[in-house]
Amino acid sequence: MLGKCKKPVKNVSGAKKKNKLVSSQKRPAKKVRATLGRSMPNSYILIILVLAALLFGTYMVFSASYVGVDDNPPWYYLVRHLANIAVGAAAGFAMFQLSRRKSLKWIYISMGASMALLIIAYVYGAVAGGSRRWINLGLLNLQPSEMIKVFVILLVARLLTRKKNAGIIIPLSISFTAAAMVAIQNLSSAILILLPVILMLIVYGISIRWILGIGAAGAAGFAGFVLIEPYRQSRLVNYLSVLLNPVTADYQAKQSLYALADGGLLGVGITNSKQKFFHLPEHHTDFIFAIVGEELGFFIASLLILLLFLIGYIIIRIARESEDPFTRYSVFGFGVLFIGQTFLNLAVVTALFPVTGVTLPFISYGGSSVLSFLMIIGCILGLSLPKKRRSNEKK
């Protein structure tokens, strides 16, 4: 009989070591996958929604401007709009990279540079619509107030979450100073600077006395800046008269309402708007929603509103789910800014608010607007994706 073959002896200790090594490698991978599962879906949804808004906005810019605005060729504004999106995408990528850095000192530098550009715009900038607020860069007319909207939110979030917390005095002082400088030429942008900051401070937990004091100071400042400019007084008087008698509405507001009324439920048809033929001023920029309503009707206009507010909701949801305090405050501020500017534009177009120069995010033609909101999206994506814990440096 053949003897029983002995089984080869297994290296038990080596196997244990190997198993330990494998399990130690698997644990971080599982942790990363769990983190991605929490944060990535919101980020992907945000990207898809923003791309949809940009595509729709590009089409509407062409439809609203191909009639030859300011005696320009039909493709003029479409080409410039696509160039603005390309520049904005590059700036958004830069913000994505910066926001993933541990150090946040770049925020102070960016805020200082934006304020310097604002002063340059007031002294040497191009005049349009009775205001000197643009820096002509050839392809892009840069409006520094749009950049200030972004960096004020980041700076306030930084000051509220740093180790040496200075309370709310410094964030408030910086915000009111920036808003006052912007309000000299652009009151609506000043409102949009203060709105996110005030809500960020409320979330931070300031007392009711501070809220009332900030509200009173803001109302007094608003009244003061309205009184020093005759055209602002005229717009306010026209708006108040509309509340009593809609027939007395401002010409631009009237034409906007005519466009929305003509569109009805289904619209007059793609590219068939009548108001864009030299009736409605700024129909490819601030009042582009009126053209959407006229050409595509109430249902498509309602879907556009839903899309924009869904973007705002996703941004707020990213803020709520973040574990990093700086990310929570800054992304929340960006969400408030996006929703606030969308609401303000729609209120102006529907004559619920005095006429003011505010674009519809991702839809209106406007280089600075596209640039600033793509920077915001890049920053949100950079902050929301998993990364190493940020060090709260003292300075």
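Residues numbered from 1 in each chain as written. Predicted model: local features only at pLDDT ≥ 70, side-chain atom pairs only at ≥ 80, totals over all residues. Heavy atoms only, no water.

Moving on: the side chain of Ser330. Counting through the fold element by element, Ser330 comes out in helix α11 (residues 325-349). According to the relative accessible area criterion, Ser330 is buried, its value standing at 0%. Within polar-contact distance, the side chain of Ser330 engages the backbone oxygen of Phe326 at 2.7 Å. Not counting residues up to four positions away in its chain, the partners in contact with Ser330 are Ile153, Leu154, Ala157 and Leu383. (Helix = DSSP H or I, 4+ residues; strand = E, 2+ residues; numbered from the N terminus. Buried < 20%, exposed > 50% of the residue type's maximum accessible area, 1.4 Å probe, protein only. Polar contact = N/O pair within 3.5 Å; in protein donor to acceptor, adjacent residues only side chain to side chain. Contact = heavy atoms within 4.5 Å.)

On to the packing of helix α3 (residues 105-124) against helix α4 (residues 144-161), then. In contact at an axis separation of 9 Å, α3 and α4 are set at 150° when each is read in the N-to-C sense. Taken together, α3 and α4 sit at an angle that is classed as roughly antiparallel. Our pair here, α3 against α4, has a crossing hand that is left-handed. For the pair α3 and α4, the contacting residues are Trp106, Ile107, Tyr108, Ser110, Met111, Ser114, Met115, Leu117, Leu118 and Ala121 in the first and Pro144, Ser145, Met147, Ile148, Phe151, Val152, Leu154, Leu155, Arg158 and Leu159 in the second. Taken together, the residues of the contact of α3 with α4 sort by class into 16 nonpolar, three polar and one charged. (Axes fitted to C-alpha atoms, helices over the stretch in contact; angles between N-to-C directions. Parallel < 35°, antiparallel > 145°, perpendicular 65-115°, else oblique. Left-handed = near helix turned anticlockwise from the far one by under 90°. Nonpolar A, V, L, I, M, F, W, Y, C, P; charged D, E, K, R; others polar.)

Right, let's talk about the pattern of salt bridges for a bit. This structure, assessed with the given rule, holds two salt bridges. Between Lys149 and Glu146 there is a salt bridge, and its shortest N-O distance comes to 3.2 Å. Taken as a pair, Lys149 and Glu146 lie in helix α4 at a separation of three residues, close to a single helical turn. (Salt bridge = Lys/Arg side-chain N within 4 Å of Asp/Glu carboxyl O.)

Within the element layout of this structure, Leu344 appears in helix α11. Measuring from C-alpha to C-alpha, the distance between Leu344 and Val358 comes to 7.3 Å, with 14 residues separating the pair along the chain.

Quick look at the side chain of Ser114 now. Note on placement: Ser114 falls in helix α3. Other than its neighbours up to four places away in sequence, Ser114 contacts Pro144, Met147, Ile148 and Phe151.

This part covers empty space enclosed by the protein. If you walk through the whole model with that rule in mind, you get one cavity of 30 Å³ or more. A volume near 30 Å³ is recorded for the largest cavity. What lines the largest cavity is Leu118, Tyr122, Arg133, Gln143, Pro144, Ser145, Val182, Gln185 and Asn186. Residue assignment for the lining of the largest cavity shows that the elements contributing at least two residues are α3 and α4. Residues belonging to the lining of the largest cavity are distributed by class as follows: four nonpolar, four polar and one charged. (1 Å grid on protein atoms, 1.4 Å probe; cavity = no way out; pocket = protein on both sides within 12 Å on 5 of 7 lines; lining within 4 Å. Points joined across faces, edges and corners; volume = space filled by probe spheres on them.)

Treat this as a map of the structure, not an account of what it does.
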